[in-house]
Amino acid sequence: MKSKAWVLVEPGRIEQREFDVRPPEPDQVLVRNLATSVCASDPKIVAGKTSFNVYPLVFGHEIAGRAAAVGRDAAREYGLKEGDLLTIEPTIPCGRCRWCRTQYDYHKCRPLKAYGVTMPADQHPALFGGYADYMYLLPGSLVYKVEEGVPPLAACLSSVIGNGVRWARNLTRLEYGDSLAVSGVGSQGLATLIAARERGAGPIVMLGLTRDRHRFELALEFGADHVIDVETDNPLEAVPNLIGGPPDAVVETSGAPGAIDMALKLVRPLGRVAVIGLSGGKTVPLSFDDLVLKGVTISSDHAQAGMYPDAMRIIHSRKYAIEKINNVLYPLDDLPRALKDTADPPEGFIKGAVVFEP
Ligand SMILES: [Zn+2]
Ligand SMILES: [Zn+2]
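Residues numbered from 1 in each chain as written. Chains lettered and ligands numbered in written order. Predicted model: local features only at pLDDT ≥ 70, side-chain atom pairs only at ≥ 80, totals over all residues.

**Examining the overall build of the protein chain**
This is how it is decided: The numbering of helices and of strands both runs from the N terminus, where a helix is a DSSP run of H or I of at least 4 residues and a strand a run of E of at least 2. Here the globule rule reads 2.2 Å times residues to the power 0.38, and the radius of gyration is calculated from C-alpha atoms. By the convention adopted here, residues make contact when the C-beta atoms placed from their backbones lie within 7 Å.
Scanning the protein chain from N- to C-terminus turns up 11 helices and 16 strands. In terms of overall dimensions, the protein chain is globule-like: its C-alpha atoms have a radius of gyration of 20 Å, near the 21 Å expected for 358 residues. By its C-alpha atoms, the protein chain is 60 × 35 × 35 Å across when sized along the principal axes. Relative to all contacts within the protein chain whose residues are 6 or more apart in sequence, the contacts with residues 24 or more apart total 69%.

**What to know about the sheet that holds strand β13 (residues 272-275)**
In a beta sheet, neighbouring strands pair by backbone hydrogen bonds and run either parallel or antiparallel. Test applied: Whether two strands pair comes down to DSSP finding at least two bridges between them. Note on definitions: angles span 0 to 180 degrees between N-to-C directions of axes, and those axes are lines fitted to C-alpha atoms, for helices only across the stretch in contact.
Read across the open sheet, the 6 strands follow the order β11-β10-β9-β12-β13-β14; overall the sheet is parallel. Edge positions in the open sheet fall to β11 (226-229) and β14 (297-299), since each of these has one partner strand only. Strand-to-strand twist of the sheet, defined as the mean angle between neighbouring strand axes without regard to direction, takes the value 15°.

**A look at the packing of helix α4 (residues 158-171) against helix α5 (residues 187-198)**
Rules: Under this scheme an angle from 65 to 115 degrees is roughly perpendicular, one under 35 degrees roughly parallel, and one over 145 degrees roughly antiparallel; angles in between are oblique. Should the near helix be turned anticlockwise from the far one by less than a right angle, the crossing is termed left-handed; should it be turned clockwise, right-handed. Residue classes follow a fixed rule: Ala, Val, Leu, Ile, Met, Phe, Trp, Tyr, Cys and Pro count as nonpolar, while Asp, Glu, Lys and Arg count as charged, and any other residue, Gly among them, counts as polar.
For the pair α4 and α5, the least separation of the axes is 7 Å and the interaxial angle reads 60°. In terms of orientation, α4 lies oblique with respect to α5. The hand of the α4/α5 crossing is right-handed. Within the contact between the two elements, α4 uses Val160, Ile161, Asn163, Gly164, Val165, Trp167, Ala168 and Arg169 and α5 uses Ser187, Gln188, Ala191, Thr192, Ile194, Ala195 and Ala196. Looking at the contact of α4 with α5 residue by residue, the class counts come to 9 nonpolar, 5 polar and 1 charged.

**Structural notes on the domain arrangement of the protein chain**
What counts here: The split of the chain into domains comes from an automatic or database domain assignment.
By the assigned domains, the protein chain splits into domain 1 (2-156 + 321-355) and domain 2 (163-299). With centres defined by C-alpha atoms, the gap from domain 1 to domain 2 works out at 29 Å. Taken together, the contacts link 7 residues of domain 1 with 7 residues of domain 2. Residues that form the side of domain 1 that touches domain 2 fall into these classes: 3 nonpolar, 1 polar and 3 charged.

**Thoughts on the packing of helix α7 (residues 235-243) against helix α8 (residues 257-266)**
The contact between α7 and α8 brings their axes to 10 Å, and the two run at 40°. Between α7 and α8, the angle is such that the two are oblique. α7 and α8 meet at a crossing whose hand is right-handed. Packed against α7, whose contacting residues are Pro235, Leu236 and Val239, the element α8 presents Met262, Lys265 and Leu266 at the interface.

**Focus: unusual backbone geometry**
How we decide: With C-beta atoms placed from the backbone, the exposure class of a residue follows from how many other C-beta atoms lie within 10 Å of its own: 20 or more, buried; 12 or fewer, exposed; in between, partly exposed.
The peptide bond linking Tyr55 to Pro56 adopts the cis configuration, its omega dihedral lying at -10°. By the secondary structure assignment, Pro56 is in the loop between α1 (41-47) and β4 (57-58). One non-glycine residue, Ala126, lies in the positive phi region at around 75°. Within the fold, Ala126 resides in the loop between β6 (85-88) and β7 (134-137). What makes Ala126 buried here is the crowd of 23 C-beta atoms within 10 Å.

**Digging into the pairing of strand β10 (residues 204-208)**
The test is simple: We call a crossover right-handed when, viewed with both strands directed away from the observer, the connection leading from the first strand over the helix to the second proceeds clockwise.
Burial analysis of β10 places 5 of its 5 residues in the buried class, the great majority of the element. Both faces of β10 are covered, namely the face carrying Ile204, Met206 and Gly208 and the face carrying Val205 and Leu207. Of the pairings in the sheet, the one linking strand β9 (residues 180-183) to β10 comprises 4 bridges and is parallel in character. Bridge pairing links Ala181 to Val205 in β10. Read from β9 through α5 to β10, the crossover connection turns out right-handed. As defined by bridge partners, β10 adjoins β11 across 4 bridges and the pair is classed as parallel. Along β11, the bridge assignment pairs Met206 with Val227. For the segment spanning β10, helix α6 (residues 213-221) and β11, crossover handedness is right-handed.

**As for helix α11 (residues 335-343)**
Defined as follows: By construction, the arc corresponds to the directions joining the helix axis to the C-beta atoms.
Residues of α11 that are buried include every one of Leu335, Ala338, Leu339 and Thr342, and no others. Seen end-on, α11 carries its buried residues on one side only, within an arc spanning 100°. Those residues of α11 that are buried are in contact with β1 (2-10), α1, β15 (326-330) and β16 (351-355).

**Focus on α6**
Buried within α6 are the following residues: Arg215, Phe216, Leu218 and Ala219. Down the axis of α6, the sector holding all buried residues measures 165°, keeping them to one side. Of the surrounding secondary structure, the elements contacted by the buried residues of α6 are α5, β10 and β11. At the C-terminal side of α6, Gly223 shows a positive phi close to 110°.

In structure tokens, the structure reads:
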């Protein structure tokens with residue numbers, strides 16, 4: 001059997017290659033990929049603009065698939081059998097370092113082992129990423145069974161929903177009845193909205209741009225109380241007008257320099273601001289008087305260590321049509337177009353996913 005795979009050969013150059021697919025070792029799982037959503041970090045991985053820069057690399061780390069063959073020991077380790085639908089955490093914790101002995105911080109494990117990010121294709125069995133027909137799971141992976149009936153296009157967003165849980169629970173510590181503004185209506189903003197709803201937070205206001213019309217519609221479907229186009233309305237006036245005062249918390253997902261400063265101005269005194277959008281290396285001026293005199297708590301992080309149990313509960317609940325976040329689909333051959341659209345989204349684009357024949 002053969003598997004097509006996209007290999008990042010060197011910064012800026014990807015090519016499609018064919019790999020032999022052999023039965024997994026006793027401690028491995030062979031996965032038939034079904035859907036791999038395109039992460040905003042994928043174009044940066046291709047450009048060599050992350051701190052890892054591993055080549056050659058079969059990339060793609062937001063994965064849903066079906067167990068095609070399960071090694072004897074792996075079957076015991078994961079409680080998996082052939083045919084099971086699954087999703088994985090990108091990180092494989094070493095289990096021994098100080099970070100891996102914590103509940104929420106094992107994404108800090110170094111050297112980081114992460115599918116589609118740091119596991120090179122020149123090491124056997126090479127297929128360690130989602131932009132390939134098949135991939136292998138090594139021992140110590142964090143594997144989650146997905147119930148039948150859950151669309152793979154929802155299951156592959158497990159890490160994105162896990163992000164939302166992290167921003168809503170660990171960073172802004174939202175509780176029942178906390179008001180929230182979410183800046184940015186991309187997949188991160190929408191995942192934050194879903195996780196915040198699950199925490200009982202509300203009212204929730206989503207802030208976006210004029211071109212985010214499609215995203216606003218989905219946000220309202222997911223239960224946003226209000227949406228504000230910051231190009232036509234000033235959020236510093238509109239948000240307090242809509243919800244009766246400044247919000248208890250703001251999650252800034254866009255990384256736009258102006259939006260980060262706006263979040264500090266918008267939040268209530270002694271409020272919490274989570275800043276998780278990357279600014280692409282830009283230095284961002286902040287109004288420190290707003291920060292100090294209001295007593296704002298700023299927090300930040302990335303990844304989703306420890307968040308999957310909650311993320312999987314949300315995905316399995318089917319309360320939200322999470323798969324609608326992946327609103328532009330591509331066959332594997334069209335990955336270059338998917339990466340281009342992700343870096344420079346066309347009208348109506350929310351998030352792209354590569355889908356495979358089942
Ligand atoms: Zn990602
Ligand atoms: Zn570790």
